[in-house]
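The primary structure of each chain is shown beneath.
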Amino acid sequence: MGLAELLLVALVVGGLGFGIWTAWRLLQPGGAGPTRALPERDRAWLAEAIAKARWTPAHDEVDGTTRVLLRRSYVGLDGRPEVLEERVFTSFPADDPAWEARFTEAMAGARYRCGYLNAEESQE
């Protein structure tokens, strides 16, 4: 019985210690909290990347419907694409017998539209 009580006290003390440590880390300036600001160099890089965001065609399938999309995105600090805006260009049933022809035509239209949007934004 003494070993079980000792183990229980150790777990409680460990949990309290972990909670205090976590709170301390979150409350520190520049800590691991969600309000942590990026360094100025990274903020400048991020602002430049967002300014250079481009429209690209994309597609996905949601609830048995193929959607052809126009996405405005940039490369984030982690090297992965970050989507700023997404518009549905067209959609059609995923089990449509003419799916391949409709998909090819829709993607061609989406590529053209993305080119137009990118050209329009570069003139501003």
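Everything below is about the structure printed above this text.
Note that this is a predicted model, so its numbers are computed, not measured.

Trainee: What is the right way to look at the nonpolar core in this model?
Mentor: Side chains of a nonpolar character, in soluble globular proteins, are inclined to be buried together. Trp55, Val68, Leu70, Phe92, Phe103, Ala106, Met107, Ala110, Cys114 and Leu117 together form the largest nonpolar core, which totals 10 residues. Of all the secondary-structure elements, those providing two or more residues to this core are β2 (65-75) and α3 (99-122). Excluding its chain neighbours within four sequence positions, the residues that come into contact with valine 68 are Ala58, His59, Arg87, Val88, Phe89, Thr90, Phe92, Phe103, Ala106, Met107 and Ala110.

Trainee: Quick question: what am I supposed to make of the sheet that holds strand β1 (residues 54-62) here?
Mentor: Remark on secondary structure: sheet strands pair via backbone hydrogen bonds, oriented parallel or antiparallel. A sheet is described by the order of its strands in space; here 3 strands give the open sequence β1-β2-β3, paired in antiparallel fashion. The strands lining the two open edges of the sheet, one partner per strand, are β1 and β3 (81-93). Here the strands of the sheet are splayed against their neighbours by 25° on average, with no regard to which way each runs. Where β1 and β2 come together, 9 bridges link them in antiparallel fashion. By the bridge assignment, valine 62 is partnered in β2 with threonine 65. Docked against the sheet, helix α2 (residues 40-51) engages β2 and β3, running at close to 135° with respect to β2.

Parameters at a glance
Residues numbered from 1 in each chain as written. Predicted model: local features only at pLDDT ≥ 70, side-chain atom pairs only at ≥ 80, totals over all residues. Heavy atoms only, no water. Core = buried A, V, L, I, M, F, W, Y, C linked by side-chain atoms within 4.5 Å. Buried < 20%, exposed > 50% of the residue type's maximum accessible area, 1.4 Å probe, protein only. Helix = DSSP H or I, 4+ residues; strand = E, 2+ residues; numbered from the N terminus. Contact = heavy atoms within 4.5 Å. Pairing = 2+ DSSP bridges. Axes fitted to C-alpha atoms, helices over the stretch in contact; angles between N-to-C directions.

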